[in-house]
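# Observations on the three-dimensional arrangement
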Amino acid sequence: MLTKKERELYQRQMLMPSWGTEAQEKLCRSTVFIAGAGGLGSPVIAYLAAAGIGNLVICDSDTVVLSNLNRQIVHSFSTLGTPKVDSAARRLAETNPYVAIRAICTRITSRNMSSIIGAPDIIIDCLDNFQTRLIVNEYAVRHSLPLLHGGIEAMRGQISFFTPPDTPCLACILPGRMKRSGRKIPVVGATAGVIGSLQALEAIKFLTGIGSTLRNRMLFWDGQDMRFDTVAISRNPKCSVCGGK
Ligand SMILES: [Zn+2]
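Not measured: the values here are computed from a predicted model. (Residues numbered from 1 in each chain as written. Predicted model: local features only at pLDDT ≥ 70, side-chain atom pairs only at ≥ 80, totals over all residues.)

### Considerations on the overall build of the chain
- Check the secondary structure of the chain and you find eight helices and eight strands.
- The C-alpha radius of gyration of the chain comes to 17 Å, within 12% of the 18 Å expected for a compact globule of 245 residues.
- A principal-axis box enclosing the C-alpha atoms of the chain has dimensions of 50 × 45 × 40 Å.
- Counting the 245 residues in the chain, one finds 39% classified as buried.
- Long-range contacts, defined as pairs at least 24 residues apart, comprise 70% of the intrachain contacts of the chain with a sequence gap of at least 6. (Helix = DSSP H or I, 4+ residues; strand = E, 2+ residues; numbered from the N terminus. Rg over C-alpha atoms; globule rule 2.2 N^0.38 Å. Buried ≥ 20, exposed ≤ 12 C-beta atoms within 10 Å, placed from the backbone. Contact = placed C-beta atoms within 7 Å.)

Structure, rendered in structure tokens:
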């Protein structure tokens, strides 16, 4: 049941005819697991909190450093040196005190995944490497959890939504085994803003049931030429992760 204050807080989104009280209450009851509190995680966390997602679980092992601040907008000079999950939680408490935040400062591995993830309605991939993405993907497939993928570099990025067996999984569309490169990926802050905002919107649509999501489609954004392209993607029947499902 929304309070008078919450109704005022969410008034502008609830004005959408398809939204109303029912969709807002769905969001307030939802739990979202956000893997990564960096460039993509920042807009995802900020917009999901502002929209009134009831429970946000944020997982990241890093601390805030100066070179994060060109794009990781939930962090600031005042939180340099503190764990990113704590920095994000501090900011969110000011954005929306009605949101419950669970901050987990650890690196995701195949061994700890089951003990940290809980029972989210959706997992959002805001990670910066494919090795961890594949660990999260495998867990999501095994436990039938929806996974919203996002990735960025320089002035481009991509996003898709995986709910196998109705869609491919992340492993279906990756060319072979990805090696850890360790290189620092160039990123303009606004790029993280574009793709992270799209991820937040896709999550909100999925949780409320409004609109259609990027299932079986991958959206590519090229900011240098300012193009959005959406391509159809399909399952790999021989996929080692979801092929047998
Ligand atoms: Zn697959």
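### Notes on the packing of helix α4 (residues 41–51) against helix α5 (residues 84–95)
- Close contact between α4 and α5 brings their axes to 10 Å; oriented N to C, the two are set at 30 degrees. Taken together, the axes of α4 and α5 lie roughly parallel to each other. The chirality of how α4 crosses α5 is right-handed. Residues Ile45, Ala46, Ala49 and Ala50 of α4 pack against Ala88, Leu92 and Thr95 of α5.
- Across the contact of α4 with α5, the residue classes tally to six nonpolar, one polar and no charged. (Axes fitted to C-alpha atoms, helices over the stretch in contact; angles between N-to-C directions. Parallel < 35°, antiparallel > 145°, perpendicular 65-115°, else oblique. Left-handed = near helix turned anticlockwise from the far one by under 90°. Nonpolar A, V, L, I, M, F, W, Y, C, P; charged D, E, K, R; others polar.)

### Considerations on helix α8 (residues 189–208)
- Over its 20 residues, α8 runs 28 Å from end to end, which matches the ideal 28 Å to within 8%, given 1.5 Å per residue.
- Taking burial as the measure, the 20 residues of α8 include 14 buried ones, the bulk of the element.
- Two residues or fewer after α8 comes glycine 209, characterised by a positive phi angle close to 80 degrees. (Expected span 1.5 Å × (residues − 1).)

### What about the packing of helix α3 (residues 20–29) against α8?
- Where α3 meets α8, the closest approach of the two axes is 9 Å, and the angle between their N-to-C directions is 110 degrees. Judged by the inter-axis angle, α3 sits roughly perpendicular to α8. Taken together, the residues of α8 that come into contact with α3 (itself represented by Ala23, Lys26 and Leu27) are Ile204, Leu207 and Thr208.
- Residue classes in the contact of α3 with α8 are distributed as four nonpolar, one polar and one charged.

### What about α5?
- Here α5 is 12 residues long and its end C-alpha atoms lie 16 Å apart, about the 16 Å a rise of 1.5 Å per residue gives.
- For α5, the elements touching its buried residues are α4, β2 (55–59) and β3 (100–104).

### Focus on the pairing of β3
- With five bridges joining them, β2 and β3 adopt parallel strand pairing. When the bridges of β3 are listed, asparagine 55 appears paired with alanine 100.
- Handedness of the β2-α5-β3 crossover: right-handed. (Pairing = 2+ DSSP bridges. Right-handed = clockwise from strand over helix to strand, strands pointing away.)

### Considering unusual backbone geometry
- Cis geometry marks the peptide bond from proline 164 to proline 165; its omega dihedral reads 15 degrees.
- For serine 144, which is not glycine, the phi torsion reads 50 degrees and is therefore positive.
- Within the secondary structure layout, serine 144 lies in the loop between α7 (130–142) and β5 (147–153).

### Concerning the environment of glycine 182
- When you line up the elements, glycine 182 lands in the loop between β6 (156–162) and α8.
- Here glycine 182 falls in the exposed class, since 6 other C-beta atoms lie within 10 Å of it.
- Sequence separation between glycine 182 and asparagine 129 is 53 residues; the distance between their C-alpha atoms is 8.9 Å.

### Brief notes about the nonpolar core
- In terms of nonpolar packing, the biggest core is built from 59 residues, with Ile34 and Ile45 touching the most fellow members.
- Ranked by residues supplied to this core, first place goes to α8 with nine residues.
- Sequence-distant contacts of isoleucine 45, defined by excluding residues within four places in its chain, comprise Ile34, Ala37, Leu56, Ile58, Val74, Ala88 and Leu92. (Core = buried A, V, L, I, M, F, W, Y, C linked by C-beta atoms within 7 Å.)

### Some remarks on the sheet that holds β6
- Pairing is mixed across the open sheet formed by eight strands, whose spatial order is β3-β2-β1-β4-β5-β6-β7-β8. Because the sheet does not close on itself, it has two edges, and the strands there are β3 and β8 (227–232). Across the sheet, the mean angle separating the axes of adjacent strands is 15 degrees when strand polarity is ignored.
- Pairing between strand β7 (residues 217–222) and β8: six bridges, direction antiparallel. Counterpart to tryptophan 221 in the pairing with β8 is phenylalanine 228.
- Against the sheet, α5 touches β2 and β3, its axis set at about 170 degrees to β3.
- The sheet contacts of α7 involve β1 (31–35), β4 (122–125) and β5, and relative to β4 the element is tilted by about 165 degrees.

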